[in-house]
Amino acid sequence: MEYDRAAGERACSRIELGGGRHVALARYGDPDGLPVLALHGAPASHLMFAPADAPARRLGLSVLAPDREGYGETPADSAPTLASRAEALHRLADGLGLERFAVLGISGGCPYACALAARMQGRITALALVSPLGPVRDLAGRIDMAFGHRRFFLDLPRRPRLVRGLARLGAALVARYPHTTAGVFARLIGGADRRVLSTPEAHALIVPMTRDAFRGGIAGAASDLEVFGRPWGVDLAAITAPSVVWQGTEDVVVPVAVSLALAARIPGCRLIRVEGAGHFWVLERVEEVLRELRGLASG
């Protein structure tokens with residue numbers, strides 16, 4: 001993984017959305033390049049895209065990475081839904097003056113990426129989804145999911161007090177023992193991801209990113225899980241942008257069957273199965289993803 005610490009320390013700008021709301025946004029890559037709105041996973045922040053800085057410059061891409069509500073420097077929103085956050089992203093794109101742009105979602109950023117692509121249609125030049133969390137609630141009765149996935153994505157969101165308690169525990173561990181927590185997570189997740197997450201470069205990214213995610217408290221992580229556990233209410237057939245989904249075959253973080261079903265429901269979507277890969281393979285192959293996205297966005 002190519003990671004410039006200076007890119008990770010780059011200051012965010014504040015983008016006003018109106019109605020007293022604002023979003024913190026980091027910019028990576030070529031300032032004059034093709035615009036890409038990059039949506040991070042959960043829990044995470046704009047720092048997820050710091051490794052994209054150098055390859056995006058080489059490829060002529062301007063990567064615009066906002067902190068989602070409740071993460072990093074973006075204030076939490078009240079009563080969040082997938083639709084309300086897609087509307088906020090729409091306003092962000094308008095505020096940035098983006099007439100046409102690509103959308104990149106990673107993991108928990110993918111529901112928001114899909115909702116935005118369905119909402120803005122012709123203004124989206126390409127949609128790229130990496131290790132996506134698909135519509136688990138919508139597909140719960142039709143696709144087999146592991147017991148752990150059902151408990152985490154379907155049952156746990158119905159217990160908001162427990163969600164917040166677990167989020168507080170996670171935030172406390174990250175704040176007090178960041179490197180130890182990252183190491184334990186890598187060992188627990190195992191498989192292909194253990195090797196990826198155990199490298200010094202991965203630690204240099206994940207530790208500050210996770211600490212930044214909880215900078216303002218637990219609202220981001222808690223509200224994301226609650227949103228993920230509800231029906232999407234998104235017409236995936238309305239997505240008109242050229243689309244691609246990458247999914248690791250050994251991913252244990254998201255339900256792979258749901259990710260594959262998501263790809264099948266997006267018109268004309270290209271599915272790339274990453275054989276033997278887990279959830280975090282993209283940390284080692286950022287440029288590959290950006291190159292594919294650039295090809296889609298430039299037609």
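That block above? That's the structure.
Read on for a plain summary of the structure. This one's a predicted model, so the numbers in the text were calculated from it and none came from an experiment. (Residues numbered from 1 in each chain as written. Predicted model: local features only at pLDDT ≥ 70, side-chain atom pairs only at ≥ 80, totals over all residues. Heavy atoms only, no water.)

Between the first and last C-alpha of helix α8 (residues 178–189) there are 17 Å, a value that for twelve residues agrees with the 16 Å anticipated at 1.5 Å per step. Contact partners of the buried residues in α8: α7 (160–176), α9 (191–197) and α10 (200–213). (Helix = DSSP H or I, 4+ residues; strand = E, 2+ residues; numbered from the N terminus. Expected span 1.5 Å × (residues − 1). Contact = heavy atoms within 4.5 Å.)

Grouped together as the largest cluster of nonpolar side chains are 55 residues, with contacts concentrated most on F101 and L129. If sequence neighbours within four positions are ignored, L129 has contacts with G105, C110, A113, C114, V244, V245, W246, L262 and I266. (Core = buried A, V, L, I, M, F, W, Y, C linked by side-chain atoms within 4.5 Å. Buried < 20%, exposed > 50% of the residue type's maximum accessible area, 1.4 Å probe, protein only.)

The next subject is the packing of aromatic side chains. Under the definition given, this model contains three aromatic pairs. Here Y112 and F228 contribute two aromatic rings whose centre-to-centre distance is 6.2 Å and whose plane-to-plane angle is 55 degrees, an arrangement assigned as tilted. Taken together, the residues Y112 in helix α4 (residues 110–120) and F228 in helix α11 (residues 219–228) connect sequence positions 116 residues apart. Accessibility assignment for this pair places Y112 and F228 in one class, buried. Between F185 and F280 the ring centres are 6.1 Å apart and the planes differ by 90 degrees, which places this aromatic pair in the edge-to-face class. (Phe/Tyr/Trp six-rings, centres within 6.5 Å; stacked < 30°, edge-to-face > 60°.)

Okay, the pairing of strand β1 (residues 13–18) next. Pairing geometry for β1 and strand β2 (residues 21–29), over five bridges, is antiparallel. Counterpart to R14 in the pairing with β2 is A24. Following β1, the chain reverses through two residues before pairing antiparallel with β2; G19 in that reversal takes a positive phi of roughly 65 degrees. (Pairing = 2+ DSSP bridges.)

Another point: the packing of α8 against α10. For the pair α8 and α10, the least separation of the axes is 10 Å and the interaxial angle reads 115 degrees. Relative to α10, the element α8 is oriented roughly perpendicular. Where α8 crosses over α10, the handedness of that crossing is right-handed. Contacts between α8 and α10 pair P178, H179, A182 and G183 from the former with H203, V207 and R211 from the latter. (Axes fitted to C-alpha atoms, helices over the stretch in contact; angles between N-to-C directions. Parallel < 35°, antiparallel > 145°, perpendicular 65-115°, else oblique. Left-handed = near helix turned anticlockwise from the far one by under 90°.)

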